[in-house]
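Residues per chain, in single letters:
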Amino acid sequence: DAGVIQSPRHEVTEMGQEVTLRCKPISGHDYLFWYRQTMMRGLELLIYFNNNVPIDDSGMPEDRFSAKMPNASFSTLKIQPSEPRDSAVYFCASSLRLEGLAGVNEQFFGPGTRLTVL
Amino acid sequence: AQKVTQAQTEISVVEKEDVTLDCVYETRDTTYYLFWYKQPPSGELVFLIRRNSFDEQNEISGRYSWNFQKSTSSFNFTITASQVVDSAVYFCALSGDWYNFNKFYFGSGTKLNVKP
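One numbering rule holds for all chains: residues counted from 1, following each sequence as written. Here chains are named by letter from A upward and ligands by number from 1 upward, in the order in which they appear as written. Only residues with pLDDT of 70 or above have their local features reported here, since the model is predicted, and side-chain atom pairs are shown and tallied only from 80 upward, although totals for entire chains, interfaces and linings are computed over all residues. For side-chain calculations, the full set of non-hydrogen atoms in the structure is used, while hydrogens and water are omitted.

Q: Summarise the state of the cysteines; cite the residues concerned and give the values.
A: All names here are of chain B. Note on disulfides: each one is a pair of cysteine sulfur atoms within 2.5 Å. A full pass over the atoms with the stated rule returns two disulfides over all chains. What pairs with cysteine 23 in a disulfide is cysteine 92, and their sulfur atoms sit 2.0 Å apart. Measuring handedness by torsion sign, the sulfur bridge of cysteine 23 and cysteine 92 sits at about -65 degrees and is left-handed. Of this pair, cysteine 23 sits in the loop between strand E3 (19-21) and strand E4 (24-26) while cysteine 92 is found in strand E10 (residues 88-94), placing the two residues 69 residues apart along the sequence. We call a residue buried when its accessible area falls under 20% of the maximum for its residue type, exposed when it is over 50%, and partly exposed in between, using a 1.4 Å probe and counting protein chains only. Accessibility expressed as a relative area gives 0% for cysteine 92, which makes it buried. Every helix listed is a DSSP run of H or I at least four residues long, and every strand listed is a run of E at least two residues long, numbered separately from the N terminus.

Q: Please give an account of the environment of Pro116(B) that cites residues and values.
A: Residues and elements named next belong to chain B. As for its position among the elements, proline 116 is in the segment after strand E12 (110-115). On the accessibility criterion, proline 116 (81% relative accessible area) is exposed. A C-alpha to C-alpha distance of 7.8 Å links proline 116 and glutamine 83, two positions 33 residues apart in sequence. Two residues form a contact once any of their heavy atoms are found within 4.5 Å. Apart from residues no more than four positions distant in its own chain, proline 116 is found in contact with Val14, Glu15 and Val84.

Q: Account for the environment of Asp18(B), with residues named and values stated.
A: With respect to the helices, strands and loops of the structure, Asp18(B) is situated in the loop between strand E2 (10-14) and E3. The spatial distance from the C-alpha of Asp18(B) to the C-alpha of Leu34(B) is 22 Å, given a sequence separation of 16 residues.

Q: I'd love a proper account of the sheet that holds strand E3 (residues 19-24) of chain A, names of residues and values included.
A: Residue and element names in this part refer to chain A. Sheet architecture is open: four strands sit in the order E1-E3-E8-E7, paired in antiparallel fashion. Of all the strands in the sheet, the pair left with one neighbour each is strand E1 (5-7) and strand E7 (65-71). Each strand axis lies, on average, 15 degrees off the axis of its neighbour in the sheet, ignoring direction. The pairing criterion is simple: DSSP has to find at least two bridges between the two strands. Axis angles are defined between N-to-C directions and span 0 to 180 degrees, where every axis is a line fitted to C-alpha atoms and, for a helix, only to the segment in contact.

Q: Give me unusual backbone geometry: which residues, what numbers.
A: Residue and element names in this part refer to chain A. Here serine 7 and proline 8 are connected by a cis peptide whose omega angle stands at -10 degrees. Considering the arrangement of structural elements, one finds proline 8 in the loop between E1 and strand E2 (10-13). Look at the link from glutamine 80 to proline 81: it is a cis peptide, with omega at -5 degrees. If you trace the backbone, proline 81 turns up in the loop between strand E8 (74-79) and strand E9 (88-95). With phi around 50 degrees, asparagine 51 is a residue other than glycine that occupies positive phi space. With respect to the element layout, asparagine 51 can be found in the loop between strand E5 (42-50) and strand E6 (53-56). Since its relative accessible area comes to 48%, asparagine 51 is described here as partly exposed. Positioned with a positive phi, asparagine 52 is a non-glycine residue whose angle comes to about 75 degrees.

Q: Could you give an account of the nonpolar core, with specific residues and numbers?
A: Residue and element names in this part refer to chain B. Buried Ala, Val, Leu, Ile, Met, Phe, Trp, Tyr and Cys residues form a nonpolar core when they are joined through side-chain atoms within 4.5 Å. Core analysis: the biggest nonpolar cluster contains 23 residues, and Trp36, Phe77, Tyr90 and Leu112 have the highest contact counts within it. Among the secondary structure elements, those contributing two or more residues to this core are E2, E3, strand E5 (33-39), strand E8 (64-69), strand E9 (74-79), E10 and E12. With four residues, the single largest contributor to this core is E10. Once you skip the residues sitting within four places of it in the chain, tyrosine 90 turns out to touch Gln6, Leu21, Trp36, Tyr37, Lys38, Leu48, Tyr64, Phe77, Ile79, Gly109, Thr110 and Leu112.

Interpretation note: all reported values are geometric properties and have no functional meaning in isolation.
Structure below.
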């Protein structure tokens, strides 16, 4: 079975440019998460969706960041304009709703996109 | 608020040694979930285990074992007879508040170096 797919795997861009990161979750999963990982701040949740609806975007750093999930099999994270401090590895993850019980399942992570903003 | 502390930043062992990675968590909820993930040098995060707060039984999976102690709010991870392939960063995570379970809180990670 295919896992979470992210593209591109590496992105190098110049300050001020727009960057779009893409994610395809595991088929059938209800939840999709966007994380950012840096040495200074560790692993941070930016936003997550349930059934394509944004549930918690409190981790989105500022208005330059936006995320969409137009359908169950695709999501984008956009940074516009990009800045050097946005350089990080961005992970997408997905999970399946726990049937019948209040609770949570594990999240499955994609390989990440390493973003470098010069 | 939820919090996870992994006090060990980096650990180095020689192959075949046993090693324990510590995880201490804070929560006011009675229902919560704990997780361990492995991040090898390739960068992807790999799920290892999920444990809910009502199940305090220790778990063993091959060379891996987990010790969940609610009394000390700890969920420690032991690798027995470590191997070079175990070299990775290991993260402990805690589920969110009862109304936002899916918002995971990750610790800062412990880097494990296993030397041949």
